[in-house]
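# Architecture at a glance
In case you want the letters, here they are:
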Amino acid sequence: MGSEGSTVIVPRSFRLLEELERGEKGIGDGTVSYGMDDADDVYMQSWTGTIIGPPNTVHEGRIYQLKLFCSHEYPEKPPNVKFQSRINMSCVNQETGVVEPSLFPMLADWHRDYTMENILTQLKKEMTSPQNRKLTQPPEGNDEGRVDPKGLVLRCCIM
């Protein structure tokens with residue numbers, strides 16, 4: 001009864017549940033992972049990703065934490081992606097840690113069938129590119145001295 005060439009559009013919630021299940025199972029060699037920030041987030045908007053730096057680059061041995069935010073328009077629109085860990089990469093804003101869509105082709109040319117796994121895997125691949133593999137990296141740490149969008153310097157301290 002269906003017409004040839006018709007496509008089924010999976011609802012956002014089903015799509016995110018599929019991604020959550022895949023993220024919980026682990027991806028490939030284990031150097032990329034992701035999951036939800038808060039199990040009580042019924043809209044499944046806030047996610048955490050981890051990338052272990054690829055070998056033979058300045059990123060080797062480093063563990064990078066990222067935040068991914070999926071708006072209600074996901075997967076029609078890409079998630080916002082931000083490194084929580086300090087990193088020097090050509091597609092990352094050094095002040096905020098935001099992956100700039102205009103500098104990261106996957107976000108700039110987003111397709112509905114792309115996933116958070118694809119983003120993290122592509123960012124890891126980008127770490128091995130000639131322009132990023134040897135860039136001097138900031139000291140390891142999360143958000144130390146990073147500026148928030150309002151221009152305030154953010155610092156973390158444990159008391």
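Let me sum up the structure you'll find in this document. (Residues numbered from 1 in each chain as written. Predicted model: local features only at pLDDT ≥ 70, side-chain atom pairs only at ≥ 80, totals over all residues. Heavy atoms only, no water.)

### Comments concerning helix α1 (residues 12-25)
What sets the pattern is the α-helix's 3.6 residues per turn: residues three or four places apart point alike. A rise of 1.5 Å per residue sets the reference length of α1, with its 14 residues, at 20 Å; its end C-alpha atoms lie 20 Å apart and thus fit the reference within 8%. Within α1, burial applies to R12, R15, L16, E19, L20 and G23. In an axial view of α1, the angular spread of the buried residues amounts to 140 degrees, which keeps them on one side of the axis. Exposed positions of α1 whose direction lies more than 90 degrees from the buried face are F14, E24 and K25. The inward-facing, buried residues of α1 abut β1 (32-36), β2 (46-52) and α3 (116-127). Of the residues flanking the end of α1, it is G26, one or two places downstream, whose phi is positive at about 95 degrees. (Helix = DSSP H or I, 4+ residues; strand = E, 2+ residues; numbered from the N terminus. Expected span 1.5 Å × (residues − 1). Buried < 20%, exposed > 50% of the residue type's maximum accessible area, 1.4 Å probe, protein only. Arc of directions from axis to C-beta. Contact = heavy atoms within 4.5 Å.)

### Topic: unusual backbone geometry
Going from Y74 to P75, the amide bond is cis rather than trans, its omega being 10 degrees. Relative to the assigned elements, P75 resides in the loop between β3 (63-69) and β4 (80-83). Phi is positive for M44, which is not a glycine, with a value near 50 degrees. Relative accessible area serves as the criterion here: at 8%, M44 is assigned to the buried category. Not every positive phi belongs to a glycine, and N56 is a case in point at roughly 65 degrees. Locating N56 in the fold gives a position in the loop between β2 and β3. Taking the relative accessible area as the measure of exposure, N56 reaches 61% and is therefore exposed.

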